[in-house]
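# Observations on the model geometry
Take a look at the letters that make up each chain.
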Amino acid sequence: MREFRISRRDGLTALAAGLGAALLGAGPAGRATAGVGRGTSLATASPKDPVGYDITILNNSALDGMNAILFQEMPQLPSDAVTLAWMSKMCHPSTTVEYQWSIDYNFVWGQVGALVPGTQFVAGQTLSADLTQNNLVTLSYVKGGFEFGPTSSSGKNGSLIIKEDDTVPGPGNQDQGSVGIGMSGAGTFVVPTLTNAGVEFDPKPTYWVAFGSFESSEVMDVSELTTPAQVSYPDGMTSAKAAFDGKSWSISYGN
């Protein structure tokens, strides 16, 4: 797994170039990523016709007391983004778990701003998004609570962009929260909130399986996972079976 992290200063430049400085306001604290695609991404389906995928994970090893985890990675992420355990269930030896999802994106925010491994991200709001007409949203903090405004088009297809206005609490504020994106109703990547800032995600996710102790929606340290393996669906195939023998994965695909 290789990621490229965009600094906040570089991210601000990328957002301003794509959308104009008005999106970020006057503050210098914006951060974003202008991701560069590598190969063909599965996650480009129309929001009107989301593609459904599934995976069955088999624990053919003696490994016990661990969860079978499905998570995403992206070639480029904001410098302060964390990866969440997208889906996670206990998977004892000689048992299986199955996950199903569709490629439909969401904006999400949570109340917790200290995003250390093991922190549970609880979405206070999940808002449907897509990569064309509903890919821009504003986050505000009103009367002691976060809320998204209505979605709109950013004019920049292929990205998901969040503007944090001047009401949003940032570092040093006990009310700092987190904001990011998800898929199929569950968070995948989040960042701590900043005041008068912006964050851009360029979704070209890859899917990964691993065993670990992280529960669904927990902030992960990927280095703590057992033998992560990428799941790459061939064109036209939407089903996968991933078997772990204690040393390596055997992954097959079909429909």
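The structure this text deals with has already been given above.
Figured I'd write up the structure that's included with this text. Nothing here was measured: the structure is a model prediction, and the numbers come from that model.

### Observations regarding the pairing of strand E13 (residues 178-183)
- Within E13, 6 of the 6 residues are buried, leaving the element largely enclosed by the surrounding structure.
- In E13, alternate side chains face the same way, and those of Ser-178, Gly-180 and Gly-182 on one face and Val-179, Ile-181 and Met-183 on the other are all buried.
- Strand direction decides the pairing type here: strand E8 (residues 105-110) and E13, joined by 6 bridges, are antiparallel. By the bridge assignment for E13, Tyr-105 is matched with Met-183.
- Here 6 bridges tie E13 to strand E14 (residues 186-192), and the two strands are oriented antiparallel to one another. Its bridge partner being in E14, Gly-182 is matched across the sheet by Gly-187.

### Considerations on the nonpolar core
- The biggest cluster of nonpolar side chains holds 47 residues, and the ones touching the most others in it are Ile-55 and Trp-101.
- Counting residues in each nonpolar core, the second largest holds 8 residues, with Ile-69, Trp-208, Ala-210 and Phe-214 among its members.

### What to know about the sheet that holds strand E5 (residues 82-83)
- Reading across from one edge, E5-E14-E13-E8-E9 is the order of the 5 strands in this open sheet, with antiparallel pairing throughout. Two strands close off the open sheet at either side, each with one partner strand: E5 and strand E9 (123-129).

### Considering the pairing of strand E11 (residues 145-148)
- One ladder, built from 4 bridges, connects strand E10 (residues 136-142) with E11; its direction is antiparallel. For Leu-139, the partnering residue across the bridge sits in E11 and is Phe-148.

### Some remarks on the packing of aromatic side chains
- Evaluated as defined, the whole model comprises 14 aromatic pairs.
- Seen from their ring centres, Trp-86 and Tyr-207 are 6.0 Å apart, and the 15 degrees between their planes marks the pair as stacked. Pair noted here: Trp-86 is in the loop between E5 and strand E6 (87-90) and Tyr-207 is in strand E16 (residues 206-212), with a separation of 121 residues, a long-range link.
- Residue classification places Tyr-207 among the buried positions, given a relative accessible area of 2%.

### A look at the sheet that holds strand E19 (residues 249-254)
- Judged by pairing direction, the sheet is mixed, and its 4 strands sit side by side in the order E7-E2-E18-E19 without closing on themselves. Each end of this open sheet is capped by a strand with a single partner; those strands are strand E7 (96-102) and E19. Taken pair by pair, the neighbouring strands of this sheet meet at an average axis angle of 15 degrees, ignoring direction.
- By the bridge criterion, 7 bridges tie strand E2 (residues 52-59) to E7 in an arrangement that is antiparallel. Bridge assignment links Ile-55 to a residue of E7, and that residue is Tyr-99.

### Some points on the environment of Thr-167
- Tracing the chain through its elements places Thr-167 in the loop between strand E12 (160-164) and E13.
- Overall, the relative accessible area of 35% leaves Thr-167 in the partly exposed class.
- Taking C-alpha positions, Thr-167 is 5.3 Å from Tyr-141, a pair spaced 26 residues apart along the chain.
- In contact with Thr-167, other than residues within four places in its own chain, are Ser-140 and Tyr-141.
- Separated by 2.8 Å, the side chain of Thr-167 and the backbone nitrogen of Tyr-141 make a polar contact.
- A distance of 2.5 Å separates polar atoms of two side chains, one belonging to Thr-167 and the other to Asp-165.

### Remarks on unusual backbone geometry
- The residue Ser-94 is not glycine, and still its phi comes out positive at about 65 degrees.
- You can see Ser-94 is positioned in the loop between E6 and E7.
- One non-glycine residue with positive phi stands out, namely Ser-217, at about 75 degrees.
- Summarising the element assignment, Ser-217 is placed in the loop between E16 and strand E17 (226-231).

The rules behind each value
Residues numbered from 1 in each chain as written. Predicted model: local features only at pLDDT ≥ 70, side-chain atom pairs only at ≥ 80, totals over all residues. Heavy atoms only, no water. Buried < 20%, exposed > 50% of the residue type's maximum accessible area, 1.4 Å probe, protein only. Helix = DSSP H or I, 4+ residues; strand = E, 2+ residues; numbered from the N terminus. Pairing = 2+ DSSP bridges. Core = buried A, V, L, I, M, F, W, Y, C linked by side-chain atoms within 4.5 Å. Phe/Tyr/Trp six-rings, centres within 6.5 Å; stacked < 30°, edge-to-face > 60°. Axes fitted to C-alpha atoms, helices over the stretch in contact; angles between N-to-C directions. Contact = heavy atoms within 4.5 Å. Polar contact = N/O pair within 3.5 Å; in protein donor to acceptor, adjacent residues only side chain to side chain.

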